[in-house]
Amino acid sequence: MFTVTLQASGRQFPVAVGETVLGAAQQAGVALPYSCRAGVCGSCKAIMLEGSCEYPSNPPLALSAGELAQHAILPCQAVATSDMLLRAREVTSVEDIARRQLSVMVVEKWTLASGVIGLRLVPAPGERRLLRLPGQYLDVVLDDGQHRPFSIANGPQDDGMIELHVRHVNGGEFTSWVDGKLQVGDRLRIEGPLGTFVPREDSERPMIFMAGGTGFAPVKAIVEHFIGLGSRRPIDVYWGARSAADLYLRPLAERWAASTQNVRFHAVISGADVAAGERPGLVHEAVLADHPDLSGHDLYMSGPPPMIDAGHRLFMEAGLPEERLYYDSFDYAPEVLARIITGRAGFTGF
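Residues numbered from 1 in each chain as written. Predicted model: local features only at pLDDT ≥ 70, side-chain atom pairs only at ≥ 80, totals over all residues. Heavy atoms only, no water.

A. Summary view of the sheet that holds strand E2 (residues 12-15). Strand order across the open sheet formed by 5 strands is E2-E1-E7-E3-E5, with mixed pairing between neighbours. Strand pairing shows two members of the sheet lacking a second neighbour, E2 and strand E5 (72-73), which therefore form its edges. The pairing of strand E3 (residues 46-50) with E5 spans 2 bridges and is antiparallel. Opposite Ile47, over in E5, you have Ala72 as the bridge partner. (Pairing = 2+ DSSP bridges. Helix = DSSP H or I, 4+ residues; strand = E, 2+ residues; numbered from the N terminus.)

Set out below in structure tokens:
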């Protein structure tokens with residue numbers, strides 16, 4: 001056993017030989033930030049001030065050579081080889097919420113857009129509702145034990161209702177099954193809540209939300225949370241997609257802006273057909289065009305890894321402190337991750 005110490009709070013937790021730092025922290029009830037759990041998004045990044053570690057499973061693809069030289073590590077993949085002292089963020093708001101499995105029942109299924117299915121789930125009879133925070137995600141547990149992560153698109157409800165936005169992935173067996181065979185009344189096994197993409201309420205700074213595709217789901221949950229609180233902080237919501245049809249809940253976002261004085265909505269289209277009221281280009285470029293200096297903002301972003309990667313780098317260059325950048329990078333399916341890691345097998349530095 002080794003001991004990990006967090007510099008800011010002085011908290012300590014044990015980590016066994018072969019156990020990841022993130023896994024050990026979760027076992028000890030210490031909430032460190034994370035998203036993909038695969039070493040590719042970088043949301044769990046910490047600085048190792050003392051100690052050593054290794055990466056026996058997945059290499060830390062999210063870290064640049066410069067970050068590695070500055071002793072950055074990814075706790076979701078790092079395995080301690082000595083005692084460690086870390087400079088890491090803690091997300092104490094999620095620490096008292098236990099992760100568990102439960103059975104849920106599909107009570108509604110509808111088409112949100114071409115290739116995107118909406119699901120509403122409620123606890124099966126005899127099950128307790130899932131305690132969670134807006135912005136967190138869950139895993140659907142398949143019959144063979146594999147897990148498939150999906151962001152939750154609504155905040156906590158008294159009846160335990162959970163809303164999911166499921167994009168059909170070509171070649172994806174589970175999403176194909178959801179699209180074609182899943183019926184109202186069917187049951188699913190889920191595990192959650194997961195993730196640390198949750199509202200930070202200890203600030204009065206303006207907020208920017210940036211979503212790509214179905215990354216709108218957790219953004220929706222968090223924005224609705226702040227609207228429900230009656231927050232007066234300025235809120236800019238940017239939603240990017242290839243076509244206007246992919247902005248599958250655009251009327252909802254436009255209602256936020258119309259009914260709430262401090263909320264503005266920006267539709268950003270990267271494809272060729274851009275209509276009036278839409279911004280052309282990439283969504284992170286629209287954010288920077290409107291906010292070239294991000295030093296006074298809090299920024300939440302959710303979507304595919306390329307968008308997250310680009311936004312992370314450019315927003316930091318625009319003055320956004322890293323501790324005020326919160327993001328949910330959609331997980332890679334295991335077969336996709338295997339191809340990425342194989343392609344980077346010759347990378348050195350970790």
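Following the structure, the description resumes.
B. View of helix H4 (residues 216-229). Between the first and last C-alpha of H4 there are 20 Å, a value that for 14 residues agrees with the 20 Å anticipated at 1.5 Å per step. Within H4 the residues assigned to the buried category are Phe216, Ala217, Pro218, Val219, Lys220, Ala221, Ile222, Val223 and Phe226. Immediately beyond the C-terminal end of H4, within one or two residues, lies Gly230, with a positive phi of roughly 75°. (Expected span 1.5 Å × (residues − 1). Buried < 20%, exposed > 50% of the residue type's maximum accessible area, 1.4 Å probe, protein only.)

C. Summary view of the nonpolar core. In terms of nonpolar packing, the biggest core is built from 29 residues, with Leu6, Phe13, Ile73, Met84 and Leu86 touching the most fellow members. Those elements that provide at least two residues to this core are strand E1 (2-6), E2, helix H1 (21-27), E3, E5 and strand E7 (84-87). A per-element tally of this core places H1 first, with 4 residues. Not counting chain neighbours up to four residues away, the residues in contact with Leu86 comprise Val4, Thr5, Leu6, Gln7, Val21, Ile47, Met48 and Ile73. (Core = buried A, V, L, I, M, F, W, Y, C linked by side-chain atoms within 4.5 Å. Contact = heavy atoms within 4.5 Å.)

D. Structural view of the side chain of His284. Structurally, His284 is set in helix H6 (residues 283-290). By relative accessible area, His284 is classed as buried at 9%. Residues within four places of His284 in sequence aside, it is in contact with Met210, Ala310, Gly311, Leu314 and Phe315.

E. Local environment of the state of the cysteines. The tally for this structure, following the rule as stated, stands at 0 disulfides. You can see Cys44 has no disulfide; the closest cysteine sulfur is in Cys76, sitting 3.8 Å from it. Among the residues examined, Cys76 registers a relative accessible area of 8% and is labelled buried. (Disulfide = S-S within 2.5 Å.)

F. View of the environment of Asp202. Looking at the element boundaries, Asp202 is found in the loop between strand E13 (187-194) and strand E14 (207-212). The exposure class of Asp202 is exposed, given its relative accessible area of 71%. Residues Asp202 and Pro304, spaced 102 residues apart in sequence, show a C-alpha to C-alpha distance of 28 Å.

G. Inspection of the sheet that holds strand E12 (residues 162-167) at higher detail. Judged by pairing direction, the sheet is antiparallel, and its 6 strands sit side by side in the order E11-E10-E13-E8-E9-E12 without closing on themselves. At either margin of the open sheet sits one strand with a lone partner, and together these are strand E11 (147-151) and E12. Direction aside, neighbouring strands of the sheet carry axes that sit 40° apart on average. Pairing geometry for strand E10 (residues 137-141) and E13, over 4 bridges, is antiparallel. When the sheet's bridge partners are listed, Asp139 is paired in E13 with Glu191. (Axes fitted to C-alpha atoms, helices over the stretch in contact; angles between N-to-C directions.)

H. Local environment of the pairing of E12. The element E12 is extensively covered by neighbouring structure, given that 5 of its 6 residues are classed as buried. In this structure, strand E9 (residues 116-123) lies alongside E12, joined through 6 bridges in antiparallel fashion. Bridging across to E12, Arg120 finds its partner in Glu163.

I. Focus on the packing of aromatic side chains. All chains considered together, the criterion is met by 9 aromatic pairs. Ring geometry for Trp239 against Tyr248: centres 5.1 Å apart, planes inclined by 90°, an arrangement best described as edge-to-face. Residues Trp239 and Tyr248 agree in their burial class; the two are buried. Cluster of aromatic residues (ring-pair linked, three or more members): Phe197, Phe209, Tyr300 and Tyr326. (Phe/Tyr/Trp six-rings, centres within 6.5 Å; stacked < 30°, edge-to-face > 60°.)

J. Structural detail: the packing of H4 against helix H5 (residues 250-259). In contact at an axis separation of 12 Å, H4 and H5 are set at 25° when each is read in the N-to-C sense. The angle between the axes of H4 and H5 places the two elements in the roughly parallel class. Both H4 and H5 take part in a crossing whose hand is left-handed. Across the interface between the two elements, Phe216, Lys220, Val223, Glu224 and Ile227 of H4 pack against Leu252, Ala253 and Trp256 of H5. (Parallel < 35°, antiparallel > 145°, perpendicular 65-115°, else oblique. Left-handed = near helix turned anticlockwise from the far one by under 90°.)

K. Spotlight on the pairing of strand E18 (residues 298-303). For E18, the tally of buried residues reaches 6 of 6 residues, placing the bulk of the element in the interior. Where burial is concerned, the two faces of E18 agree: the one with Asp298, Tyr300 and Ser302 and the one with Leu299, Met301 and Gly303 are both buried. The pairing of E14 with E18 spans 5 bridges and is classified as parallel. In the strand pairing of E18, Met207 is matched with Asp298. Here E18 pairs with strand E19 (residues 325-329) via 5 bridges, running parallel.

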